[in-house]
Amino acid sequence: MTWSLGRLFYIKPIPQRSTPLKRTLGSIDVLFLGTGVVVGVAIFILPGIAAKYAGPATMISTVIAGLACACIALPYAELASMVPITGGVYTYAYTIMGQVVAWLVGWNMLLASSVASSEMAFGWSSYIQTLLSSAGIHLPRAIGAGPFDGGIINLPAVIIVLFIGTLLVIGTRQSAKVTVTIVILKLSLIAVFVALAVPHIRLANWIPFLPFGIAGVFKSAAIWFSAFLG
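Residues numbered from 1 in each chain as written. Predicted model: local features only at pLDDT ≥ 70, side-chain atom pairs only at ≥ 80, totals over all residues. Heavy atoms only, no water.

**Student:** Honestly, unusual backbone geometry in this entry has me stumped. Any pointers?
**Tutor:** For the peptide bond that leads from isoleucine 207 to proline 208, omega is 0 degrees, which places it in the cis range. Its location among the elements puts proline 208 in the loop between helix H10 (172-197) and helix H11 (213-228). (Helix = DSSP H or I, 4+ residues; strand = E, 2+ residues; numbered from the N terminus.)

Right under this line is the structure:
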């Protein structure tokens, strides 16, 4: 097998036909899948943290983060139409910038997904334990927190990861149906929350509007950016 430096920067040609894999998701499934990523668990966990850095101006941070996400989403849509095969961002990088860059992008995406999954599992565990506590049920520290928080294992976080992993293994179609149900539920909860919260808006609480300055707005925007990306 002949090795050459040029091979490392080999650029994969754009395929002339789409992937031979069987299509199992329709337009509605993909729409809800994308919405589920944007309106993920982080949207319920991070707003309070974001508000700590920007105060009332966190609404501006939301717009800034949304625009940044749009600048990412539009190139993704363009690339998906140009390179209609499986592989996602790895394949896009392989096609445009070569094999080495694709390898780095692939591993970085794997790392990012691992960290994000851990973050979401931890957030879900916190909400579940708060709900159980309100019902008078308190999990022992040993199974309610990880080793770095004084426990042994965060059991609720492990359970949700195993559940979702099993669901994905069962099949794409089945997981898509669950995703549609969860997204509808989340959007309904957000709509109810907004409807109940709007009458209680007090403009006096918006003064000062920029308690931490522009720097705080952009710190908050970075947190919102993570929330939008699930």
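**Student:** Sorry, what's going on with the nonpolar core here?
**Tutor:** A general feature of soluble globular proteins is that nonpolar side chains tend to end up buried together. With ten residues, the main nonpolar core is built from Val39, Ile43, Leu46, Ala50, Ala65, Cys69, Ile223, Trp224, Ala227 and Phe228. Counting residues per element, the ones that place at least two in this core are helix H5 (58-82) and H11. Ranked by residues supplied to this core, first place goes to H11 with four residues. (Core = buried A, V, L, I, M, F, W, Y, C linked by side-chain atoms within 4.5 Å. Buried < 20%, exposed > 50% of the residue type's maximum accessible area, 1.4 Å probe, protein only.)

**Student:** Sorry, what's going on with the packing of aromatic side chains here?
**Tutor:** The way to describe two aromatic rings as a pair is by their centre distance and the angle between their planes. For the structure on display, the rule yields four aromatic pairs. Here tryptophan 103 and tryptophan 107 contribute two aromatic rings whose centre-to-centre distance is 6.4 Å and whose plane-to-plane angle is 65 degrees, an arrangement assigned as edge-to-face. Separated by four residues within a single helix, tryptophan 103 and tryptophan 107 lie in helix H7 (residues 99-134), roughly one turn from each other. An angle of 50 degrees between the planes, with centres 6.5 Å apart, marks the rings of tryptophan 206 and phenylalanine 209 as tilted. Residue class for phenylalanine 209 comes out partly exposed when judged on its relative accessible area of 29%. (Phe/Tyr/Trp six-rings, centres within 6.5 Å; stacked < 30°, edge-to-face > 60°.)

**Student:** Please explain the environment of serine 61 as it appears in this structure.
**Tutor:** Its place among the elements puts serine 61 in helix H5. Apart from residues lying up to four places away in sequence, serine 61 is in contact with Ala54, Val217, Ser220, Ala221 and Trp224. Within the structure, the side chain of serine 61 is placed 2.7 Å from the backbone oxygen of valine 217, a separation counted as a polar contact. (Contact = heavy atoms within 4.5 Å. Polar contact = N/O pair within 3.5 Å; in protein donor to acceptor, adjacent residues only side chain to side chain.)

**Student:** Where do I start with the packing of H5 against H11 in this structure?
**Tutor:** A pair of packed helices is characterised by two quantities: the angle between their axes and the separation of those axes. For the pair H5 and H11, interaxial distance at closest approach is 8 Å and the crossing angle is 50 degrees. With respect to their mutual orientation, H5 and H11 come out oblique. Our pair here, H5 against H11, has a crossing hand that is right-handed. Where H5 abuts H11, its residues Thr58, Ile60, Ser61, Thr62, Ile64, Ala65, Gly66, Ala68, Cys69 and Ile72 lie against Val217, Phe218, Ser220, Ala221, Trp224, Phe225 and Phe228. Partitioned by chemical class, the residues of the contact of H5 with H11 number twelve nonpolar, five polar and no charged. (Axes fitted to C-alpha atoms, helices over the stretch in contact; angles between N-to-C directions. Parallel < 35°, antiparallel > 145°, perpendicular 65-115°, else oblique. Left-handed = near helix turned anticlockwise from the far one by under 90°. Nonpolar A, V, L, I, M, F, W, Y, C, P; charged D, E, K, R; others polar.)

**Student:** Sorry, what's going on with the state of the cysteines here?
**Tutor:** In protein structure, a disulfide is the covalent linkage between the sulfur atoms of two cysteines. Considering all chains together, one arrives at zero disulfides under this definition. Cysteine 71 carries a free sulfur, and the closest cysteine sulfur to it, the one in cysteine 69, is 9.2 Å from it. (Disulfide = S-S within 2.5 Å.)

**Student:** Could you clarify how one ought to interpret the environment of leucine 46 in this entry?
**Tutor:** On the secondary structure map, leucine 46 appears in the loop between helix H3 (42-45) and helix H4 (47-54). According to the relative accessible area criterion, leucine 46 is buried, its value standing at 8%. Sequence separation of leucine 46 and glycine 123 is 77 residues, and the distance between their C-alpha atoms is 9.4 Å. Non-local contacts of leucine 46, meaning those with residues more than four positions away in its chain, are made with Glu119, Ile223, Ser226 and Ala227.

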